[in-house]
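Working through the structure, step by step
Now for the letters of each chain:
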Amino acid sequence: MNKKAIIEVKDLVTSYEDNIVLDKISFTTYENEIFAVLGGSGCGKTTLLRHLLGLLRPDAGLISILGFDITKANDDEMQPLREQIGMVFQGAALFNSMTLAENISLPLEEYTDYPSRVIRDIVDWKLHIVGLDHARDYMPAELSGGMKKRAAIARAMVMDPKLLFFDEHTTGLDPVMAAELDRIIIRLRNELNITVVVVTHDLTSIRRISDRAIMIADTQIIASGSIKEMEQSSDSRVISFFMKHDKEEVLIH
Amino acid sequence: MSQHIIHISSEFNISEGDSHFKKLRSEKNSNVMVDCAAISVWPSSITAFLADFLKKLDSRNITWSLNNIPEGSLKTINFMIYRKPAATHLIRKNEIPIVDNTLSWVVTSWHNIVATIKLLEDITFWTLLGPFFKHGFRYSRTLFEISERGMRSIGIVALVSGIMGLVLAIQAAAQLQTFGASIYIANLVSMAIVRELGPLLAALLIAGRCGSAITAELGSMVASEEMDALRAMGVSVTKYIVVPKFVALCIALPCLTIFADVIGMAGGYLFSVFQLGIPSSHYIDQTIQAISANDVMIGLIKSIADAVIIASIAVHQGLTTSGGAEGIGRSTTRSVVHSIIFIALAHLFFTILFYFTGHTLSFN
């Protein structure tokens, strides 16, 4: 396979004060794949994601996204890249003072000159994709958790990005809604030909959607490859991660 | 040596355990069997009481055994008795000596001031140059903020400044009447209100009413990752969120100041005319003679400075909020307290400045 690399991370080092969070992490994400970053709580998954978004600057190392080195770029240089990246935050992060439609049209109004009826069409279409046609004039506070998450996906998708990030997309959702969200993610990948990076500890969801994954623990990548390959790993931390989560599923279901 | 048997029921508690323990010690028993057959339900309290009792037995080297106890409860009791304290890696830096504490306070304050000034640079850029960019300035949002911050504060500003004018006139009357100089109440009230009290009252009220609201709003946006979402979309937080609020305060506060001036003087007028019987036209004439455009401008300059102080401190505190709900509370408090301190300092600065430049500006 000779796929185009979308994200390349080389020897990334980052720390909070004296604590090293990530130590020399390297991985590559290819075009049109769903790539998962796994790990227990507090292992630095979200920190890694914030680096990939350019919200944090690493201590050392190289991050290249869509062939563009973001470690040294300033905000102005990041601008064209940001229009090609969508991000769905853990708590959806919709703007509470605006209706759903206004939330979703925000990037369009900031970056384009489209007349308002065109923007309205695009927004309604994105809402339709995530199944929220009826909710366009609701305020975020009036929505359930699952609806907020779907609205956040619609907002992330509105500029037709090439790359979509998800932070803990199943947190706080019931299993049915989580499965629905997974279906939406797979559909987006298949129909729109985008690359998806998912940061999570939800193994059920990852088994459903991911092509490849890395697992982070103790500041290092301890396993990588498809979930099947990872399950063959001999590292005790990887085994215990799978064991714990499978046990948890047995307990819950 | 014979084995002592204790039967316990679901009524077992610490004092019962103690009495058993005392009895065992006095009888010099060294072997006890606790029979739990009478207990059908095992709440954690009974397990904990029992574990506590058994620990005491252990401390006196009395060997014990348990009879008729369900496996789960036995496990719990074993955990309670024999667990090792969990290793903790947390080292909290609490005990900082006072000197160090003061030093760190100075350092943080300095960092805060520097950060606020940097923020002001950014705000100034977007306020002045934003309108020339595509989507650089949010006019409708700014209008909304003006109405939200300014219009809705009119009531409280009117109330407080009216009362202050009245109070000022009453206090002045008590002093000036003894010299038969009641008419100078007009001078005193109008000068005090226009030059100092009007701007000060409006600023303090806005710091309390709007500064806190702005900090809380921005703080909760930070907490719910909305700011990160904006940054990830590549939309400038300063441009999109901060500048409308900043411009709204800079427009609303001077307006409110003029309003407070008028209402405050009206308060003085009411008392003087209706209580002291000074002729209405006389009082108005005296007021007009007393104040000049100069005084009003001095008041306005102060109020613009206040608006900049309130807005920049509120925004800085809001954007640097960390630590969830508690953090929002903390930064809101800090926002109001710092605003009030810096408002007082700014008024001191301008008053001294105008004192040494002879109370005048080159406006007339």
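Residues numbered from 1 in each chain as written. Chains lettered and ligands numbered in written order. Predicted model: local features only at pLDDT ≥ 70, side-chain atom pairs only at ≥ 80, totals over all residues.

1. Structural notes on the overall build of chain B
Of the regular secondary structure elements, chain B holds twelve helices and three strands. For 364 residues, the compact-globule estimate of 2.2 N^0.38 gives 21 Å, and chain B exceeds it by more than 25% at 35 Å. Here chain B, with 364 residues, has 34% of them falling under the buried criterion. In chain B, 88% of the contacts between residues at least 6 apart in sequence involve partners at least 24 apart. (Helix = DSSP H or I, 4+ residues; strand = E, 2+ residues; numbered from the N terminus. Rg over C-alpha atoms; globule rule 2.2 N^0.38 Å. Buried ≥ 20, exposed ≤ 12 C-beta atoms within 10 Å, placed from the backbone. Contact = placed C-beta atoms within 7 Å.)

2. So, the overall build of chain A
Counting its regular elements, chain A contains nine helices and ten strands. Taking 18 Å as the expected radius of gyration for a compact globule of 253 residues, we find that chain A reaches 18 Å, a close match to that expectation. Over its C-alpha atoms, taken along the principal directions, chain A stretches across nearly 55 × 45 × 40 Å. Across the 253 residues of chain A, 40% fall into the buried class.

3. Points about the interface of chain B and chain A
Taken together, the contacts link eleven residues of chain B with 15 residues of chain A. Residues of the side of chain B that touches chain A, tallied by class, amount to four nonpolar, three polar and four charged. (Nonpolar A, V, L, I, M, F, W, Y, C, P; charged D, E, K, R; others polar.)

4. As for the pairing of strand E4 (residues 60–65) of chain A
Residues and elements named next belong to chain A. Where strand E1 (residues 5–16) lies against E4, five bridges are found, and the strand directions are antiparallel. Residue pairing for E4: Val13 is matched across the bridge by Ala60. With two bridges connecting them, E4 and strand E5 (residues 68–69) associate as antiparallel partners. Among the inter-strand pairings, Ile65 is bridged to a residue of E5, identified as Phe68. Connecting E4 to the antiparallel partner E5 that follows it, the hairpin turn spans two residues, and Leu66 within it adopts a positive phi of roughly 50°. (Pairing = 2+ DSSP bridges.)

5. A look at the sheet that holds strand E6 (residues 85–88) of chain A
Residues and elements named next belong to chain A. The six strands are arranged E6-E7-E8-E3-E9-E10 in an open sheet whose pairing can be described as mixed. The sheet is open, and its two edges are formed by E6 and strand E10 (220–225), each paired on a single side. Between one strand axis and the next, the sheet turns through 15° on average, direction left out of account. Summarising the sheet, strand E9 (residues 212–217) and E10 pair through five bridges and their orientation is antiparallel. Of the residues in E10, the one forming a bridge with Ile216 is Ile221. (Axes fitted to C-alpha atoms, helices over the stretch in contact; angles between N-to-C directions.)

6. Considerations on helix H7 (residues 185–223) of chain B
Spacing of three or four residues puts side chains on the same side of an α-helix, whose turn is 3.6 residues. Where H7 of chain B bends most, the angle comes to about 55°, and this point is Ile193 of chain B. Positive phi appears at Glu225 of chain B, one or two residues downstream of H7 of chain B, with a value of about 65°. (Bend = angle between axes of the 7 residues up to and from the residue.)

7. Observations concerning the sheet that holds E1 of chain A
Residues and elements named next belong to chain A. Judged by pairing direction, the sheet is antiparallel, and its four strands sit side by side in the order E2-E1-E4-E5 without closing on themselves. Single-partner strands in this sheet number two, and they are strand E2 (19–30) and E5. In this sheet, E2 lies alongside E1 in antiparallel orientation, the contact comprising eight bridges. Directly across from Val9, in E2, lies its bridge partner Phe27. Of the strands in this sheet, E1, E2 and E4 touch helix H1 (residues 45–52), which is tilted by about 120° from E1.

8. Quick notes on the pairing of E9 of chain A
A regular strand places its side chains on the two faces of the sheet in alternate fashion. All names here are of chain A. Pairing between strand E3 (residues 34–38) and E9: four bridges, direction parallel. Among the inter-strand pairings, Leu38 is bridged to a residue of E9, identified as Met215. Once E9 ends, the chain turns through two residues before running back antiparallel as E10, passing Asp218 with a positive phi of about 50°.

9. Digging into the confidence of the model for chain B
In this model, chain B carries a mean pLDDT of 87, and residues with pLDDT of at least 70 account for 93%. Here the predicted complex carries an ipTM of 0.78, next to a pTM of 0.76. (pLDDT = per-residue confidence, 0-100.)

10. A word on unusual backbone geometry
All names here are of chain A. Residue Lys24 is not a glycine yet carries a positive backbone phi of 55°. Mapped onto the elements, Lys24 comes out in strand E2. Even without being glycine, Asp160 reaches a positive phi, approximately 50°. Considering the arrangement of structural elements, one finds Asp160 in the loop between helix H5 (145–157) and strand E7 (163–167). By the C-beta count within 10 Å, which is 12 here, Asp160 ends up exposed.

11. Remarks on the environment of His4 of chain B
Residues and elements named next belong to chain B. By the secondary structure assignment, His4 is in strand E1 (residues 4–7). Of the residues examined, His4 has 17 C-beta atoms within 10 Å and is grouped as partly exposed. Along the sequence, His4 and Leu143 sit 139 residues apart, while their C-alpha atoms lie 85 Å from each other. The contacts of His4, once residues within four sequence positions are left out, are Leu24, Asn29, Asn31 and Val32.

12. Describing the packing of helix H5 (residues 139–150) of chain B against helix H9 (residues 237–274) of chain B
Residues and elements named next belong to chain B. Contact geometry of H5 with H9 gives a least axis separation of 8 Å together with a crossing angle of 45°. Relative to H9, the element H5 is oriented oblique. Considering the relative orientation of H5 and H9, their crossing is right-handed. In contact with Arg141, Thr142, Glu145, Ile146, Arg149 and Gly150 of H5, H9 contributes Pro244, Lys245, Val247, Ala248, Leu249, Ile251, Ala252, Cys255 and Leu256. By residue class, the composition of the contact of H5 with H9 is nine nonpolar, two polar and four charged. (Parallel < 35°, antiparallel > 145°, perpendicular 65-115°, else oblique. Left-handed = near helix turned anticlockwise from the far one by under 90°.)

13. Describing the nonpolar core
With 128 residues, the main nonpolar core has Phe165 of chain A together with Leu249 and Ile310 of chain B as its most contacted residues. Take this core: its biggest share by element is 17 residues, from H7 of chain B. In contact with Phe165 of chain A, other than residues within four places in its own chain, are Leu49, Leu52, Leu53, Ile85, Gly86, Met87, Val88 and Val197 of chain A. Counting 15 residues, the second largest nonpolar core, distinct from the first, contains Val34, Leu50, Leu54 and Ile77 of chain B. (Core = buried A, V, L, I, M, F, W, Y, C linked by C-beta atoms within 7 Å.)

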